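Breakdown of the fold
Here's the letter readout for the chains.
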Amino acid sequence: MIKWLKRKKRDADLPPGQEQQEPVTETPTGGEETGGPAAAGDMPPAAPVAAALAEQALAAEAAAPVAVEPQAVAVDEPAAEPEAVPAPDRPRFFRRLRERLSKTRQALGSNLDRLFLGHKTIDLDLLDQLEELLVTADLGVETSLELIERTRERVRRRELTDPARLKAHLKAEMLALLTAAVSPVPEVTAKPHVVMVIGVNGVGKTTTIAKLAHHDTQQGLKVLLVAADTFRAAAVEQLEIWGQRVGVPVIKQKTGADPAAVVFDGLQAAQARGMDKVYIDTAGRLHTKVNLMEELKKVRRTAEKKITGAPHEVLLVLDATTGQNAISQARLFHEAIGVTGIVMTKLDGTAKGGVALGVVKETGLPISFIGVGEQMDDLRPFDPEAYLEAIVG
């Protein structure tokens, strides 16, 4: 550029018609001009090189991995699958069940662990000790013998050789025994649905009725109680107090009235008020007294005359602390009245919780509810798996 300006200045100083001749420079082989201004747009010779270098730098930068700082990005996560546990309070109830059945767990589960720990093989001596342990845990002789016989058969076929697996085998057999008699949840098609509650004195029938009524009201059902225990002093007043606590009406008559007449009036009132469920409280009956059992049959016949198919359920309340006596009660009540389900109470206060297995095995009756405390929510529908986990581990 400077040389071009100097040449222009010299041309301006010369006389008109004379111009200075510029020396000619040969073009070297390869066709690139080595002197003078660039051919395209007077670009300096270094410009193409710089442009090429810039392009190479841009290509290298594009090829290099780019470091991106992590940012909080909202990602649509897949919806979580529903849990197998049906109720949100199941873990809490299981902990409570395990605590309340600690005496039975000590008598059964802990003793099983100690028994199996000292044996390396399953022999006759181990099976004899196991049979004795099951009987003393109040499973009942018949139930214990059947469990041992099933175990012997598996050992004989070499399907069971390790004592460490013996506990799991027993637990599976117990579960099969309990689930074989599981009572399906009755479909309430009749209205009202009538439940007759029976049992001997002192097993907790009235308290059980109050807890059942509380459970139903929590489900939005309209419940009515019938005080058909007109023999025991203050029995009517006791049920009335429970009715007030739970918030359900009670149909009653004076002490000494005919229980069948009270039931008739109660069912008539339930129909008139559009009740969903009716619980009939009956007098505590000694299962060995024929005349008292006949009175229960009369109550049942009266309910059936008033409402077709009633009572739709007959729940027998058994006290777990009575041990093997509970089995004989269940058998005789079932023969006389026709029991549909068992309510096992006071499991929290005894080491004889294994009697539930004996009742199911020897009567074929399902356990519908278990009671493990005095609180309203301590009476729950029977869960065989949770029960065995609590007493066997």
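In short, a report on the structure. (Residues numbered from 1 in each chain as written. Predicted model: local features only at pLDDT ≥ 70, side-chain atom pairs only at ≥ 80, totals over all residues. Heavy atoms only, no water.)

Examining the overall build of the protein
In terms of regular secondary structure, the protein is built from 14 helices and eight strands. For the protein, the proportion of its 393 residues judged to be buried stands at 40%. Restricting the contact set of the protein to residue pairs at least 6 apart, pairs at least 24 apart contribute 76%. Carbon and sulfur atoms make up 54% of the accessible area of the protein, which totals about 22200 Å². (Helix = DSSP H or I, 4+ residues; strand = E, 2+ residues; numbered from the N terminus. Buried < 20%, exposed > 50% of the residue type's maximum accessible area, 1.4 Å probe, protein only. Contact = heavy atoms within 4.5 Å. Areas by Shrake-Rupley, 256 points an atom, 1.4 Å probe, with all protein chains shown as cover.)

Here we look at helix 13 (residues 355-363)
Among the nine residues that make up helix 13, eight are buried, leaving the element largely enclosed by the rest of the structure. Buried within helix 13 are the following residues: Val355, Ala356, Leu357, Gly358, Val359, Val360, Glu362 and Thr363. Gly364 lies just past helix 13 and shows a positive phi near 75°.

Describing the packing of aromatic side chains
Here the structure, examined in full by the defined rule, presents one aromatic pair. Its guanidinium or amino end placed over the ring of Trp242, Arg245 lies 4.8 Å from that ring's centre, counting from NZ or CZ. (Phe/Tyr/Trp six-rings, centres within 6.5 Å; stacked < 30°, edge-to-face > 60°. Lys NZ or Arg CZ within 6 Å of the ring centre and 35° of its normal.)

A word on the packing of helix 7 (residues 166-179) against helix 13
Helix 13 packs onto helix 7 with a crossing angle of 50° between their chain directions and a minimal axis gap of 9 Å. What the angle tells us is that helix 7 and helix 13 run oblique. Crossing hand, helix 7 versus helix 13: left-handed. Contact residues: helix 7 offers Met174, Leu177 and Leu178, while helix 13 offers Ala356, Leu357, Val360 and Lys361. The residue inventory of the contact of helix 7 with helix 13, partitioned by class, reads six nonpolar, no polar and one charged. (Axes fitted to C-alpha atoms, helices over the stretch in contact; angles between N-to-C directions. Parallel < 35°, antiparallel > 145°, perpendicular 65-115°, else oblique. Left-handed = near helix turned anticlockwise from the far one by under 90°. Nonpolar A, V, L, I, M, F, W, Y, C, P; charged D, E, K, R; others polar.)

Concerning helix 4 (residues 102-117)
Considering bend angle alone, the principal kink of helix 4 is centred on Asn111 and spans about 25°. Of the residues making up helix 4, those classed as buried are Thr104, Arg105, Leu108, Gly109, Ser110, Leu112, Leu115 and Phe116. (Bend = angle between axes of the 7 residues up to and from the residue.)

Read these as layout, nothing more, since geometry by itself doesn't imply function.
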